[in-house]
Amino acid sequence: MTEIVHSTTGELLDYQPVSPMEIEFIIREIGDRLERAVVIIDTLQRARYDAEEAYSKAFEMAKLESKRHLYNDRIAEARLSCLPLLRELNEAKAQLHHAEHLQDALKSKLMGYQNINKVNGAAYGVGGVAR
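These figures come from a predicted structure and were not determined experimentally.

(A) Spatial organisation of the nonpolar core. Counting nine residues, the largest nonpolar core consists of A51, Y55, F59, A62, I75, A78, C82, L89 and A92. At the level of elements, α1 (20-65), α2 (71-81) and α3 (83-127) are the ones that each hand at least two residues to this core. Element by element, the count of residues in this core is highest for α1, at four residues. Counting eight residues, the second largest nonpolar core, distinct from the first, contains I23, I27, L110 and Y113.

Structure below.
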């Protein structure tokens, strides 16, 4: 059977199943992938929360430690000093959102294949068994 997942990246290849057996195979493959991805999504979610916590803590500490007299100046100084942490936070958010969008796309693809499989099953049932 043709490969449907790229061996190094794990991404689904553009695969067009042509038989009921291949449709069943891809349904199982996508379902397994969705199941395995739960741990990955949880890990990315934890990384996002950790990055957010690190940024917030550093930002508040920078405001407190600033020698500026005006509050707006303290905030500006804190923002500038925390830009690398903000960049890390934004990257963590982007990775999480990408993974969530991929999950949504896989769910849609899975539902499509399940519908095709259901229609095929009904068609075989109507056609009867050749004797």
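There's more to say after this.
(B) Highlighting the packing of α1 against α2. Direction vectors running N to C along α1 and α2 enclose 135°, while the axes themselves pass 8 Å from each other. Accordingly, the angle class assigned to the pair α1 and α2 is oblique. Helix-helix and strand crossings are classified by hand; for α1 and α2 the assignment is right-handed. Residue-level contacts link F59, A62, K63 and L64 of α1 to Y71, R74, I75, A78, R79 and S81 of α2. When grouped by side-chain class, the residues that make up the contact of α1 with α2 number six nonpolar, one polar and three charged.

(C) Fine view of the pattern of salt bridges. Considering all chains together, one arrives at four salt bridges under this definition. Across the pair D50 and R46 runs a salt bridge, and its minimum N-O distance is 3.0 Å. One end of the pair is D50 and the other is R46, both in helix α1 and four residues apart, which spans about a single turn. For R46, a relative accessible area of 46% puts it in the partly exposed group. One salt bridge in this structure joins K63 and E60, with 3.2 Å as the shortest N-O distance. With K63 and E60 both in helix α1 and three residues apart, the pair spans about one turn of that helix. When its relative accessible area of 39% is taken as the criterion, E60 is described as partly exposed.

(D) Structural view of the packing of aromatic side chains. If you walk through the whole model with that rule in mind, you get one aromatic pair. Centroid distance Y55 to F59: 5.9 Å. Interplanar angle 20°. Geometry classified as stacked. Here the residue Y55 and the residue F59 both occupy positions in helix α1, the gap between them amounting to four residues, near one helical turn. The two residues Y55 and F59 agree in class, both being buried.

Criteria and thresholds
- Residues numbered from 1 in each chain as written.
- Predicted model: local features only at pLDDT ≥ 70, side-chain atom pairs only at ≥ 80, totals over all residues.
- Heavy atoms only, no water.
- Core = buried A, V, L, I, M, F, W, Y, C linked by side-chain atoms within 4.5 Å.
- Buried < 20%, exposed > 50% of the residue type's maximum accessible area, 1.4 Å probe, protein only.
- Helix = DSSP H or I, 4+ residues; strand = E, 2+ residues; numbered from the N terminus.
- Axes fitted to C-alpha atoms, helices over the stretch in contact; angles between N-to-C directions.
- Parallel < 35°, antiparallel > 145°, perpendicular 65-115°, else oblique.
- Left-handed = near helix turned anticlockwise from the far one by under 90°.
- Contact = heavy atoms within 4.5 Å.
- Nonpolar A, V, L, I, M, F, W, Y, C, P; charged D, E, K, R; others polar.
- Salt bridge = Lys/Arg side-chain N within 4 Å of Asp/Glu carboxyl O.
- Phe/Tyr/Trp six-rings, centres within 6.5 Å; stacked < 30°, edge-to-face > 60°.

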